[in-house]
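Below, each chain spelled out in residue letters.
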Amino acid sequence: MPEHRLVVVSNRIPTGEAPSGGLVVALHDALKERGGVWIGSSGSTAEGATEDLHTIAEEPYQRLSFDLSEQENEGYYLGYSNAVLWPLFHHRTDLIAVDTEHARIYQEVNAKVARMVARVVGPDDLIWIQDYHFLPLASELRKLGVDNRIGFFLHIPFPNSSDMPALPERRLMPDWLSAYDLVGLQTQRDVSNALDFLLRDGGAEILLRGRLRLGNRQFELRSFPIGIDVDAFATASTENAGAGERLRLGPGEKLVLGVDRLDYSKGIPNRVEAFGEYLRGRPDPEQRATLLQIAPPSRENVEAYRDIRHDLETISGRVNGEMAELDWTPVRYIRRNVPRDTLAGLYRRADACLVTPLADGMNLVAKEFVAAQDPENPGVLILSHFAGAAEQLDEALMVNPYDAVEAGKAIQKALDMPLHERRARHLSLIRSIRDYDITWWTEAYLGALQEAGPLRGS
Ligand code: ADP
């Protein structure tokens, strides 16, 4: 089958020369191979709302960016995407900030982006839309007469049916989703949540081979767990294996690592609480461990993000106040980005990594940590049941992040785990991460999108 040209749309487009970050590199490679266009917002705000596309690069594929006005950024990005959809999809309906004006602007920006995309799309192109910022984009493209194959990938969880009533625009959602030919989700759990919603509340019906029909549209829902570039992380971790020395840990001192954007979905205060429980309960009071939590702030102009920072700083101070010694500060909290190479070296030095989100689409840190380990002497992954990665990585130490005592015991178990068990668990984890790496993800998704389409005779 000939490879179709690809048109990718994502909220932000990489503007630099050399793309970095797993997803960006994966999309970059797919576009390089097939040729095509990547369209996304520049991240800068313009004076008024325009529909101009600016060329960032022509080779090896076209990169086109658009600016948003202040008001569009406020309504579409901060207001609706990050203060309605993000909390809803992460089971935090208590944090949803409903605002009809923001909802209207979100839909308007999607209609505007659809007009820009329609201008560049050719008749045989595959269109691949990324993430929750653009749920209505295909339905807007269909209104403009675009009948190409259009795929969508949701990087965050799909909400439970019981949370969905909190979304004022929920009645539009079935039409938004069914305008795609293929809706890709991270996990089986997300597929069942989406199916439940579409069948019970959306009026969809199931056809053969798992396809769905809604009105005159047929579409498919499938999970494609996103992966990472395993070799790139493994290499960076060996090349930066000395990064841990900068921490100047004492002899025999253990390192427990947490790496996240500072987001309420990541369960960071709960994690520090669990580390406090571990310290209090450790049978050998001479055992010293440091929790290094790297958590740069994000979306600080959304209110809920200011609260989480306050919570984290309070709990870290409390645990340190209670447990620190003159020559030992058990919790170290760094509020800035760390270069990816340094991060890879720190992963390799860590005895355990705490990936304990309360809700997470996948969580790439879990996979990066495994890829960065020395197979002869690997560290232990402690993973929340609520990370999408838990569906694949069942050889991690699984914890309930809400239960600080249980998670504290898991930290103790990880730090005491014998070498043979660490190796066996790591071997199983790394196999799964290699089998489902980022190349698998793009190829599996695009292969399925290419074949998606109406069933004959139905
Ligand atoms: P999310 O996409 O919700 O932020 P993921 O765990 O899936 O969560 O992906 C986060 C990505 O950002 C990973 O690739 C990780 O390496 C990177 N990252 C997270 N925190 C930092 C940090 N403090 N410094 C540098 N990179 C970070």
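Calculation rules
- Residues numbered from 1 in each chain as written.
- Predicted model: local features only at pLDDT ≥ 70, side-chain atom pairs only at ≥ 80, totals over all residues.
- Heavy atoms only, no water.
- UniProt positions renumbered as here; feature names shortened; annotations may be inferred.
- Helix = DSSP H or I, 4+ residues; strand = E, 2+ residues; numbered from the N terminus.
- Rg over C-alpha atoms; globule rule 2.2 N^0.38 Å.
- Buried < 20%, exposed > 50% of the residue type's maximum accessible area, 1.4 Å probe, protein only.
- Contact = heavy atoms within 4.5 Å.
- Areas by Shrake-Rupley, 256 points an atom, 1.4 Å probe, with all protein chains shown as cover.
- Pairing = 2+ DSSP bridges.
- Axes fitted to C-alpha atoms, helices over the stretch in contact; angles between N-to-C directions.
- Near = heavy atom within 4 Å.
- Polar contact = N/O pair within 3.5 Å; in protein donor to acceptor, adjacent residues only side chain to side chain.
- Nonpolar A, V, L, I, M, F, W, Y, C, P; charged D, E, K, R; others polar.

Looking up the protein in an unreviewed UniProt entry gives the name Trehalose 6-phosphate synthase, with the organism given as Pseudoroseicyclus aestuarii. Checking UniProt for the protein, the heading Sequence similarities (unreviewed entry) contains the comment "Belongs to the glycosyltransferase 20 family."

The subject of this paragraph is the overall build of the protein. Looking only at helices and strands, the protein features 14 helices and 16 strands. Its C-alpha radius of gyration of 23 Å places the protein within 12% of the 23 Å reference for a compact globule of 458 residues. By principal-axis analysis of the C-alpha atoms, the protein measures approximately 70 × 45 × 45 Å. Across the 458 residues in the protein, those meeting the buried criterion constitute 57%. Restricting to contacts in the protein with at least 6 residues of sequence separation, those with at least 24 account for 78%. About 19300 Å² of surface is accessible on the protein, with carbon and sulfur atoms providing 47% of the total.

The ten strands lie next to each other as 3-4-2-1-5-6-7-10-9-8, forming an open sheet whose pairing is mixed. Each edge of the open sheet carries a strand with a single partner, namely strand 3 (54-57) and strand 8 (205-206). Where strand 5 (residues 126-130) and strand 6 (residues 150-153) come together, four bridges link them in parallel fashion. In the strand pairing of strand 6, tryptophan 128 is matched with glycine 151. Sheet strands touched by helix 2 (residues 70-89): strand 1 (6-12), strand 2 (36-46) and strand 4 (62-69). Its angle to strand 4, the strand with the most contacts, is close to 100 degrees. Across the sheet, helix 3 (residues 100-120) is in contact with strand 1, strand 2 and strand 4; its angle to strand 4 comes to roughly 155 degrees.

Following the sequence through the fold, aspartate 263 ends up in the loop between strand 11 (254-259) and helix 8 (268-281). It is 7.1 Å that separates the C-alpha atoms of aspartate 263 and serine 298, two residues lying 35 residues apart in sequence. Residues in contact with aspartate 263, not counting those within four places in the same chain, are Trp86, Ile268, Arg299, Tyr305 and Ile308.

The next subject is the site of the ligand. Residues in close proximity to the ligand total 16 residues, the closest being Arg261, Lys266, Val338, Leu364 and Glu368. Take asparagine 337: an N or O atom from its side chain is 3.2 Å from a nitrogen atom of the ligand. Side-chain polar atom of glutamate 368 to an oxygen atom of the ligand: 2.5 Å apart, as the coordinates give it. In the complex, 80% of the free accessible area of the ligand, which totals 560 Å², lies under the protein chains. Mapped onto the shell around the ligand, the elements with two or more residues apiece are helix 10 (340-349) and helix 11 (364-371). Counted by class, the shell around the ligand contains eight nonpolar, two polar and six charged residues.

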